[in-house]
Amino acid sequence: MAVDLLLGLQWGDEGKGKIVDVLTENYDIIARFQGGPNAGHTLEFDGIKHVLHTIPSGIFHKNAVNVVGNGVVIDPVIFKKELDALKKFKLDVKSKLFISRKAHLILPTHRLLDAASEASKGKAKIGSTLKGIGPTYMDKTGRNGMRVGDLELSDWKEKYRSLANKHEAMINFYDVDIQYDLAELEADFFKAVEELKTLTFIDSEEYLYQAQKAGKKILAEGAQGSLLDIDFGTYPFVTSSNTTAAGACTGLGVAPNQIGEVKGIFKAYTTRVGSGPFPTELFDEDGETMGRVGNEFGATTGRPRRCGWLDLVALKYAVRVNGVTELMMMKGDVLSGFEKLKVCTAYNYKGEQIEHFPYNIEAENVTPVYSEMDGWKEDLTKMTSADQLPKALNAYIEFLEKELEVPIKIVSVGPDRTQTILR
Ligand code: GDP
Ligand code: IMO
Ligand code: MG
């Protein structure tokens, strides 16, 4: 049985949590493969909104096992908070949530290092979520990190101490004013580690291999989006993992020839939270309307998301890098009421018109070239089938399908599980 992927194609927050939740009824296993609590995945059903950061978005379904893969970085303190928030739903988390021994741990000092690094950058800061993601992946690739499997060894606290001491020296090196009480942070961390240890740690690549062999259906859940990928994103304003399809192979131990469908998800417009270039960003009333109607505030940090028109140059790039086989368009309902819609189909790049995503998309190099399309007035949020969708929305969708050369299989018309239209 092949492993399917679900990936964000923009700068994150495309609606991955909602769609994974919707798709879980068709899968036996949902596996997160990268990122950590920088992610905020929102799902809504039965009038309740849930935000998950590390736990895969299949957790609310009885049928599915959820795996946190080796490519993920885990902060035990945030993980504990997520578990606590789930307690009242009586989900039997212990029998359906497994954690890779090879996943790396975010220590309290990783978070402090993230803050120190950002403070030292001043205006050039990345706009990190300050969850310690960069420093933890740095320790992973620097071969200094602590892994979940280490917690099963008797000397893990010594390993912790020596790494935390090194981090303290590094924090001092930054020479910035960061206030913290490490003893207090450590007390929380050690308590949370004990809770983490009550869950089942597995060799997840072996678990997934056996599951595949037994015919189980597996969906890999991405975090962030392709334009935040450490290699293909808008570096250095990116996260520290491979958010693209290849990240699922390294983040779960699934071989490339075992990948089935690559489901790519995008918003009908574009958002970005944090710093970095964004060619189609709007600073006018249209952008303000998208933010207000779309309720565009970060699920992890609460920061307002920057909003702009759909960028097809960037989206085509993401479709190609990932090998997307089917698309899902989210938040079309937010565009209801716009007289005209714009879609960026090319960039004016250093005086030349280009249609590929270049090395550098800073505003001084790139001006978007737009195609204009008619908008629609109808409220989409109560629509339940494709034949109800307004003509202008169908024209928008068909235009995108032609440009992207991939079918749009799902149109999402609201945050709830039920507000999902299949095409
Ligand atoms: P993720 O990080 O990709 O899982 O996305 P987030 O949860 O961070 O952000 C997506 C936001 O849009 C959440 O608040 C969702 O509840 C909401 N959402 C998802 N799909 C739709 C949709 O089709 N319409 C509207 N209006 N909201 C949606
Ligand atoms: P989900 O999974 C949107 C952004 C941050 C910052 C940059 C680096 O919910 O789509 P980091 O904390 O990783 O060092 O931050 O990446 N970022 C996200 N933006 N959605 C996310 O996740 C993000 N995770 C990180 O805002 O610009
Ligand atoms: Mg999010």
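Everything here concerns the structure above.
The rules behind each value
- Residues numbered from 1 in each chain as written.
- Chains lettered and ligands numbered in written order.
- Predicted model: local features only at pLDDT ≥ 70, side-chain atom pairs only at ≥ 80, totals over all residues.
- Heavy atoms only, no water.
- Helix = DSSP H or I, 4+ residues; strand = E, 2+ residues; numbered from the N terminus.
- Rg over C-alpha atoms; globule rule 2.2 N^0.38 Å.
- Buried < 20%, exposed > 50% of the residue type's maximum accessible area, 1.4 Å probe, protein only.
- Contact = heavy atoms within 4.5 Å.
- Areas by Shrake-Rupley, 256 points an atom, 1.4 Å probe, with all protein chains shown as cover.
- Lys, Arg positive; Asp, Glu negative; His and termini not counted.
- Charge placed at Lys NZ, Arg CZ, Asp CG, Glu CD.
- Near = heavy atom within 4 Å.
- Polar contact = N/O pair within 3.5 Å; in protein donor to acceptor, adjacent residues only side chain to side chain.
- Nonpolar A, V, L, I, M, F, W, Y, C, P; charged D, E, K, R; others polar.
- Donors = N, O, S within 2.8 Å, 3.2 Å for Na, K, Ca; no water.
- Pairing = 2+ DSSP bridges.
- Axes fitted to C-alpha atoms, helices over the stretch in contact; angles between N-to-C directions.
- Phe/Tyr/Trp six-rings, centres within 6.5 Å; stacked < 30°, edge-to-face > 60°.
- Lys NZ or Arg CZ within 6 Å of the ring centre and 35° of its normal.
- Parallel < 35°, antiparallel > 145°, perpendicular 65-115°, else oblique.
- Left-handed = near helix turned anticlockwise from the far one by under 90°.
- Salt bridge = Lys/Arg side-chain N within 4 Å of Asp/Glu carboxyl O.

### Looking at the overall build of the chain
Okay, step 1: Helix and strand counts for the chain stand at 12 helices and 20 strands.
Okay, step 2: Against the globule reference of 22 Å for 423 residues, the chain gives a C-alpha radius of gyration of 21 Å, in line with a compact fold.
Okay, step 3: Overall, the C-alpha framework of the chain stretches about 65 × 50 × 40 Å when taken along its three principal axes.
Okay, step 4: Sorting the 423 residues of the chain into buried and exposed places 57% on the buried side.
Okay, step 5: Put simply, of all contacts in the chain between residues at least 6 apart along the chain, 77% involve residues at least 24 apart.
Okay, step 6: As presented, the chain carries roughly 18,000 Å² of accessible surface, and 51% of it is formed by carbon and sulfur atoms.
Okay, step 7: When the 51 basic and 59 acidic side-chain charges of the chain are each reduced to a single mean position, those positions are 3 Å apart.

### Re the site of ligand 1
Okay, step 1: Lys 16, Gly 40, Thr 42, Asp 333 and Ser 412 are the nearest of the 20 residues found near ligand 1.
Okay, step 2: In the environment of ligand 1, an oxygen atom lies 2.8 Å from a nitrogen or oxygen atom belonging to the backbone of Gly 15.
Okay, step 3: Here an oxygen atom of ligand 1 and a side-chain polar atom of Lys 331 are 3.0 Å apart.
Okay, step 4: Surface burial for ligand 1 is 94%, taken as the share of its 580 Å² of free accessible area covered by protein chains.
Okay, step 5: Sorting the residues of the shell around ligand 1 by element identifies helix H1 (16-23) and strand E3 (41-45) as the ones contributing at least two each.
Okay, step 6: For the shell around ligand 1, the class distribution of residues is five nonpolar, seven polar and eight charged.

### Let's talk about the coordination of the magnesium ion (ligand 3)
Okay, step 1: Looking at the metal site, the magnesium ion (ligand 3) is ligated by Asp 13 (OD) and Gly 40 (O), spaced 2.1 to 2.2 Å from it. Of this pair, Asp 13 sits in the loop between strand E1 (3-8) and H1 while Gly 40 sits in the loop between strand E2 (29-32) and E3, and the two are 27 residues apart along the sequence.

### Here we look at the sheet that holds E1
Okay, step 1: Spatial ordering of the open sheet is given by E9-E7-E5-E2-E10-E1-E11-E15-E19-E20, a layout of 10 strands whose pairing is mixed. The sheet is open, and its two borders are formed by strand E9 (200-202) and strand E20 (420-422), each paired with just one other strand. Pairs of neighbouring strands in the sheet enclose a mean axial angle of 25 degrees, with direction left out of account.
Okay, step 2: When E1 meets strand E11 (residues 259-267), the two strands line up parallel, connected through five bridges. Opposite Val 3, over in E11, you have Ile 259 as the bridge partner.
Okay, step 3: Most of the contacts of H1 go to E1, to which it runs at about 155 degrees, and overall it touches E1, E2, strand E10 (218-221), E11, strand E15 (326-330), strand E19 (408-412) and E20.
Okay, step 4: Of the strands in this sheet, E1, E2, strand E5 (65-68), strand E7 (97-100), E9 and E10 touch helix H8 (residues 204-213), which is tilted by about 145 degrees from E5.

### Some words on the packing of aromatic side chains
Ring pairs (aromatic) are described by centroid distance and by the angle formed between their planes.
Okay, step 1: This structure, assessed with the given rule, holds 13 aromatic pairs.
Okay, step 2: Ring geometry for Trp 309 against Phe 338: centres 5.7 Å apart, planes inclined by 70 degrees, an arrangement best described as edge-to-face. Residue Trp 309 is located in the loop between strand E13 (306-308) and strand E14 (310-311), and its partner Phe 338 is located in the loop between E15 and strand E16 (340-349); the two are separated by 29 residues in the primary sequence. By the burial criterion, Trp 309 is buried, and Phe 338 matches it.
Okay, step 3: When the ring centre of Phe 190 is taken as reference, the NZ or CZ atom of Lys 157 above it lies at 4.7 Å.

### What to know about the pairing of E16
Within a regular strand, the side chains alternate between the two sheet faces.
Okay, step 1: Across the 10 residues that make up E16, a large majority, seven, are buried.
Okay, step 2: Bridge count for E14 against E16 is two bridges, and the pairing is parallel. Paired with Asp 311 across the two strands is Cys 344, which belongs to E16.
Okay, step 3: Pairing between E16 and strand E18 (residues 366-374): nine bridges, direction antiparallel. Note that in E18 the partner of Ala 346 across the bridge is Val 369.
Okay, step 4: When E16 meets strand E17 (residues 352-354), the two strands line up antiparallel, connected through three bridges. Residue pairing across strands places Asn 348 opposite Gln 353, the latter belonging to E17.
Okay, step 5: Adjacent in sequence and paired antiparallel, E16 and E17 are bridged by two residues, among which Lys 350 carries a positive phi angle near 50 degrees.

### Considering the site of ligand 2
Okay, step 1: The immediate surroundings of ligand 2 are formed by 21 residues, with Asp 13, Lys 16, His 41, Thr 129 and Thr 239 found nearest.
Okay, step 2: Gly 40 places a polar main-chain atom, nitrogen or oxygen, 2.9 Å from an oxygen atom of ligand 2.
Okay, step 3: Between ligand 2 and His 41, the relevant distance is 2.7 Å, taken from an oxygen atom to a side-chain nitrogen or oxygen of the residue.
Okay, step 4: Classifying every residue of the shell around ligand 2 gives eight nonpolar, 10 polar and three charged.

### What about the packing of helix H11 (residues 312-322) against helix H12 (residues 391-404)?
Each packed pair of helices is defined by two parameters, the angle between the axes and the distance between the axes.
Okay, step 1: Following both chains from N to C, one finds H11 and H12 inclined at 55 degrees, their axes separated by 10 Å at the closest point. Classified by the interaxial angle, the pair formed by H11 and H12 is oblique. Considering how the two elements wind past one another, H11 and H12 form a crossing that is right-handed. Contacts between H11 and H12 involve Leu 312, Leu 315, Lys 316 and Val 319 from the former and Phe 399, Leu 400, Glu 403 and Leu 404 from the latter.

### Structural notes on the pattern of salt bridges
Should their charged atoms come close, side chains of opposite charge can pair.
Okay, step 1: Overall, the coordinates contain 22 salt bridges when judged by the stated rule.
Okay, step 2: Of the charged contacts in the structure, one is a salt bridge between Glu 152 and Arg 101, with a shortest N-O distance of 2.8 Å. With Glu 152 in the loop between helix H5 (133-141) and helix H6 (156-174) and Arg 101 in the loop between E7 and strand E8 (104-105), this residue pair connects regions lying 51 residues apart in the sequence.
Okay, step 3: Connected through shared salt-bridge partners, Asp 13, Lys 267, Glu 296, Arg 305 and Lys 331 make up one network.

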